[in-house]
Amino acid sequence: MHLLNTIDEIRSRISKEKQLGKSVGLVPTMGALHEGHLSLVRAARACDVVVVSIFVNPLQFNNAKDLEAYPSNLEMDVELIDKDADVVFAPDYTHIYPSKPSTSIQFGESESNLEGAFRPGHFGGVGIVVSKLFNIIEPDRAYFGLKDLQQFFLIKQLVRDLSFPIEIVGCPTVREPSGLAMSSRNKNLSEESRSKAAKLFEGLKIVKNEFDRGTCWDKAKNVGMLFYQEVGGLSIEYLECTSDDLGVLDQFPESGNLVVCVAAQIDGVRLIDNLYLRSEKEVTSISS
Ligand code: PAF
């Protein structure tokens, strides 16, 4: 596995691989890697060369404390993916941002709900760094976790709108045995808050159970919220039902994909999760 830090190094490496006719899969990350990332890296093995980028992108943090608390350990990350990745691209801030970008990316309506509503400017920052990584590495495919569902849909929108010749692949959420969705932020949870955090998924399953029994959305949401209230220690930011257009729904439609999404603060750690209530169209691998 090769650890590269500069744009020149990675460009020259990728260009050699492409001259040999090799396909390139990119797994963009902010480090603090875990099993969820490993599942993306393994999925990227469908390509000849697997590149993992590790860069904590300050532009996507709308809260300075959140950025400061974001876990980071390059040595451990490299050790974890040593056998599965071919190249790790871990640039410094100044390589990616020689100056603060004046260009901005806005996703319109699609970023007005869910994460977008609670983290103003977040997706603009994601859009900038992902566009830069796409331009630097020019992958054939890029792999993203479906835990960050809105991010996945917005990156597909970005690829479509800006004609990046890249296939965006979404990979299922990886969970701990307790049901807790794997996340870099879990590293900041205490033992006690970790078991509370696992209840987030339980709440989503309760909502799904209500949906399966034919309950209306309002009631299903109330049942879910009541469960979270009883758990205690979970400050729920939203529990919403959405579809592929990322609009927040006030009732369950008759057909189409449906997913329930939750965001919560647990002891100062912000976590998100989601669960498909109905999946009619494949969302996991979509080309631009
Ligand atoms: O999902 C993440 O880890 C980040 O948002 C990403 C896509 C690597 C951009 O910084």
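None of the values given here were measured: they were computed from a predicted structure. (Residues numbered from 1 in each chain as written. Predicted model: local features only at pLDDT ≥ 70, side-chain atom pairs only at ≥ 80, totals over all residues. Heavy atoms only, no water.)

Draft legend 1. Seen up close, the overall build of the protein. A count of helices and strands for the protein gives ten helices and ten strands. Compactness check: the protein gives a C-alpha radius of gyration of 19 Å against a globular reference of 19 Å for 288 residues, within 12% of the reference. Structurally, the protein occupies a C-alpha span of about 55 × 40 × 35 Å along its principal axes. A buried classification covers 52% of the 288 residues belonging to the protein. For the protein, the exposed area adds up to about 13500 Å²; of that, 48% sits on carbon and sulfur atoms. Taking the average place of the 30 positive charges on the side chains of the protein and the average place of its 40 negative ones, the gap between the two points comes to 1 Å. (Helix = DSSP H or I, 4+ residues; strand = E, 2+ residues; numbered from the N terminus. Rg over C-alpha atoms; globule rule 2.2 N^0.38 Å. Buried < 20%, exposed > 50% of the residue type's maximum accessible area, 1.4 Å probe, protein only. Areas by Shrake-Rupley, 256 points an atom, 1.4 Å probe, with all protein chains shown as cover. Lys, Arg positive; Asp, Glu negative; His and termini not counted. Charge placed at Lys NZ, Arg CZ, Asp CG, Glu CD.)

Draft legend 2. Representation of the site of the ligand in the model. Inspection of the region around the ligand gives Pro-28, Thr-29, Met-30, Gln-60, Val-129, Phe-144 and Gln-151 as its neighbouring residues. In this structure, an oxygen atom belonging to the ligand sits 2.6 Å away from a side-chain N or O atom of Gln-60. In this structure, an oxygen atom belonging to the ligand sits 2.7 Å away from a side-chain N or O atom of Gln-151. Across the complex, the protein chains shield 89% of the 280 Å² of accessible surface that the ligand would expose by itself. Looking at the shell around the ligand residue by residue, the classes come out as four nonpolar, three polar and no charged. (Near = heavy atom within 4 Å. Polar contact = N/O pair within 3.5 Å; in protein donor to acceptor, adjacent residues only side chain to side chain. Nonpolar A, V, L, I, M, F, W, Y, C, P; charged D, E, K, R; others polar.)

Draft legend 3. Representation of the packing of aromatic side chains in the model. Applying the stated criterion to the full structure yields nine aromatic pairs. Between the aromatic rings of Phe-118 and Tyr-238, the centroid separation amounts to 5.5 Å while the plane-to-plane angle is 45 degrees, which identifies the pairing as tilted. One end of the pair, Phe-118, is in helix 6 (residues 114-118); the other, Tyr-238, is in strand 7 (residues 235-242), and 120 residues separate them in sequence. Each residue in the set Phe-55, Tyr-93 and Tyr-97 is aromatic and connected to the rest through ring pairs, giving one cluster. (Phe/Tyr/Trp six-rings, centres within 6.5 Å; stacked < 30°, edge-to-face > 60°.)

Draft legend 4. Layout of the nonpolar core. Ile-10, Val-51, Phe-89, Phe-134, Ile-137 and Ile-168 are the most contacted members of the largest nonpolar core, which has 45 residues in total. If near-sequence neighbours (up to four positions away) are discounted, Phe-134 is found in contact with Leu-26, Pro-139, Ala-142, Phe-144, Ile-155, Val-159, Phe-164, Ile-166 and Ile-168. Core analysis: the second largest hydrophobic core is formed by 27 residues, Leu-239, Val-260, Val-262 and Ile-266 among them. (Core = buried A, V, L, I, M, F, W, Y, C linked by side-chain atoms within 4.5 Å. Contact = heavy atoms within 4.5 Å.)

Draft legend 5. Broad picture of the pairing of strand 2 (residues 24-29). With six of six residues buried, strand 2 is to be regarded as a mostly interior element. Here strand 2 shows a buried face lined by Val-24, Leu-26 and Pro-28 and a second buried face lined by Gly-25, Val-27 and Thr-29. Across six bridges, strand 2 lies against strand 3 (residues 49-54) in parallel orientation. Bridge pairing in strand 3 links Pro-28 to Ser-53. (Pairing = 2+ DSSP bridges.)

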